[in-house]
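Survey of secondary and tertiary structure
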Amino acid sequence: MGTQFWWFYDVMAAASLLLCIYLNGRKGIFKAAVMVVSCIVGVLLAVPMSGAVSENIYKTVIRDNNIKKLNKSLIDVEISSYLADALDNMGYNVIVNTQKIDEILESDKDVDEQIYKYLNNINGKVVDKEAIFQNNLNQAYAGVMKKLISADLTNYAVATASQKITDGKTDFGNLLKIIKTGEQRDEAAKIIADTYTADAYKNVIRLLVCVIMFAVVFAFGLLTAKALTGSQREIDESTGSHIAGGVCGIFTGAAIVFIIAVAVRLYVVMGSNEMLFFNNEAIDKTFIFKYAYNIASKL
C-alpha cells in the first residue's frame, strides 16, 4: 500500500467505531455493557500478558535457532574487509588499509578512538568533528551489521539491530573484536541474538499474542452476552437503553481500533523494508489512526 492511500486507515478506524456504536445501540445497554467489559478485560489481559509470553517463546523457540544461523554465517567472515569498505564509503575521501583495520581490531584499545585517529592520519588532516564522526561511524557500523545478518534473519530484525547501532546504544566495536578472533563465533552469535535482534522477535510475538488473546476474550464476551439474553432480541427496548448502548459502543469501538492497529503493526513489521517505510509514512499522515498505531508501536 502506497502513501497515497493513507486515508484508508482513517476510514477503517471511523467505520469500526461507527459500526460498534450502531450495533451496541441496537442491542441495548445490557449486551453493550457485557461487550465493553469484554473489551476492557481483553486489552488489560492481552497487553501485559503478551509481554511475558513473548519473552518465554523467544527464549524457548527462536533464540537457539537464530544463534545457530548466526554461528554459521560468521564462519570465515572477512570482518576487516567489511569494516574497511564501510569506512571508505563514509564520504571522507580516504582509502582504508585492511591490514591497519586488522591491527585495530586485534589491539586492546578502544576501536572507535583508534579508527578516528587512523582516518585523521591518512591524509594528514582531521576528517570531521569527533561527535559528528561518531554518528557517521555508527551508521557505517550499521551497514556492517546488515551485511552480517541480512541473509539469515528477518528484515525487521536487521532494521532493529541497525537502529540500535545508529543510535549508539551498543558497543559494536567490542563485537567486531570478538568476530575478528574467529575463535568466539558462538559468543558473537549470542551477543547479536540477545543484544541486537532479540527485541524484534519479541515484538512480533507480542503483537501476535496480543491480537489472539483479545480475539479470544472478545469472542467469549459475544457468547456470554448471547447466553445471558437467551433468545430475546432486546432485554430493554427503551430509548435510554439504546442511547446508553451506543455510548458503550464508543468504548468498544476504541478497543477494536486499538487491536486493529496492533494487527496492522504486526503486518508492517513482518513485511519488507519498503513496506515498513511506506506504511509508517502513510500512517503518519492520518488524523485518527496514527494515535492508536503509535500506542501499538510502543508494545
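As a reminder, the structure under discussion sits directly above these lines.
For every chain, the first residue of its written sequence is number 1, and the numbers climb from 1 along that sequence. Local features in this predicted model are restricted to residues whose pLDDT is 70 or higher, and side-chain atom pairs enter the listing and the counts only when it is 80 or higher, whereas totals over whole chains, interfaces and linings include all residues. The side-chain figures draw on all heavy atoms in the structure; neither hydrogens nor water molecules are used.

Examining the side chain of D10
- Only DSSP runs of H or I reaching four residues or more are called helices, and only runs of E reaching two or more are called strands; each is numbered from the N terminus. Looking at where D10 falls in the secondary structure, it is placed in helix α1 (residues 7-27).
- Residues adjacent in sequence count toward polar contacts only when both atoms are side-chain atoms; beyond that, a polar contact is any pair of N or O atoms within 3.5 Å, and within protein one must be able to donate a hydrogen and the other to accept it. Of the polar contacts made by the side chain of D10, one reaches the backbone nitrogen of F287; its length is 2.7 Å.
- The contact partners of D10, leaving out residues within four places of it in the chain, are T286, F287, I288 and F289. We call two residues contacting when some pair of their heavy atoms lies within 4.5 Å.

Considerations on a nonpolar patch on the surface
- Each patch is built from salt-bridge-free residues with over 30% relative accessible area, joining like charges within 9 Å and nonpolar side chains (Val, Leu, Ile, Met, Phe, Trp, Tyr) within 5 Å. The Shrake-Rupley method, run with a 1.4 Å probe, gives the accessible areas here. Residue values count only the displayed protein chains as cover. Just to be clear on terms, a salt bridge is a Lys or Arg side-chain nitrogen sitting within 4 Å of an Asp or Glu carboxyl oxygen. A cluster of nonpolar residues, L17, I243, V247, I250 and F251, forms a patch on the protein surface that exposes about 450 Å² of accessible area.
- No other element matches helix α11 (residues 239-269), which puts 4 residues into the nonpolar patch.
- Take I243: it is sitting in helix α11.

A few points about the packing of helix α2 (residues 29-73) against helix α9 (residues 185-196)
- Angles here are taken between N-to-C directions and fall from 0 to 180 degrees, while the axes themselves are lines fitted to C-alpha atoms, restricted in helices to the stretch in contact. Orientation of α2 relative to α9, taken along the N-to-C sense of each, is 130°, at an axis distance of 9 Å. Considering their axes alone, α2 and α9 lie oblique with respect to each other. As for the relative orientation of α2 and α9, their crossing is right-handed in sense. Of α9, the residues touching α2 (which contributes Y58, R63, I67, L70 and N71) are R185, D186, A189, K190, I192, A193 and D194.
- Tallied by class, residues from the contact of α2 with α9 come to 6 nonpolar, 1 polar and 5 charged. Any angle that falls under 35 degrees is termed roughly parallel, while one over 145 is termed roughly antiparallel, one within 65 to 115 roughly perpendicular, and all others oblique. Note on convention: near helix rotated counterclockwise from far helix by under a right angle means a left-handed crossing. Clockwise means right-handed. Side-chain classes follow a simple rule in which Ala, Val, Leu, Ile, Met, Phe, Trp, Tyr, Cys and Pro form the nonpolar group, Asp, Glu, Lys and Arg form the charged group, and the remainder, Gly included, forms the polar group.

Description of a negative patch on the surface
- Charge counting treats Lys and Arg as positive and Asp and Glu as negative, with His and both chain ends excluded. Charged side chains are reduced to one point each, which is NZ for Lys, CZ for Arg, CG for Asp and CD for Glu. A contiguous patch of negative charge, built from D110, E113, E130 and D171, is present on the exposed surface.
- With respect to the secondary-structure elements, D110 resides in the loop between α4 (98-106) and α5 (111-122).
- Type-normalised accessible area, obtained with a 1.4 Å probe on protein chains alone, sets the label of each residue: buried when under 20%, exposed when over 50%, and partly exposed for intermediate values. Among the residues examined, D110 registers a relative accessible area of 38% and is labelled partly exposed.

Some points on unusual backbone geometry
- Although it is not a glycine, D76 adopts a positive phi angle of roughly 55°.
- With respect to the helices and strands, the residue D76 is situated in the loop between α2 and α3 (79-88).
- Residue D76 is classed as exposed on the basis of its relative accessible area of 70%.
- Here the phi dihedral of N93 falls at roughly 55°; this positive angle occurs in a residue that is not glycine.
- Mapped onto the elements of the fold, N93 is located in the loop between α3 and α4.

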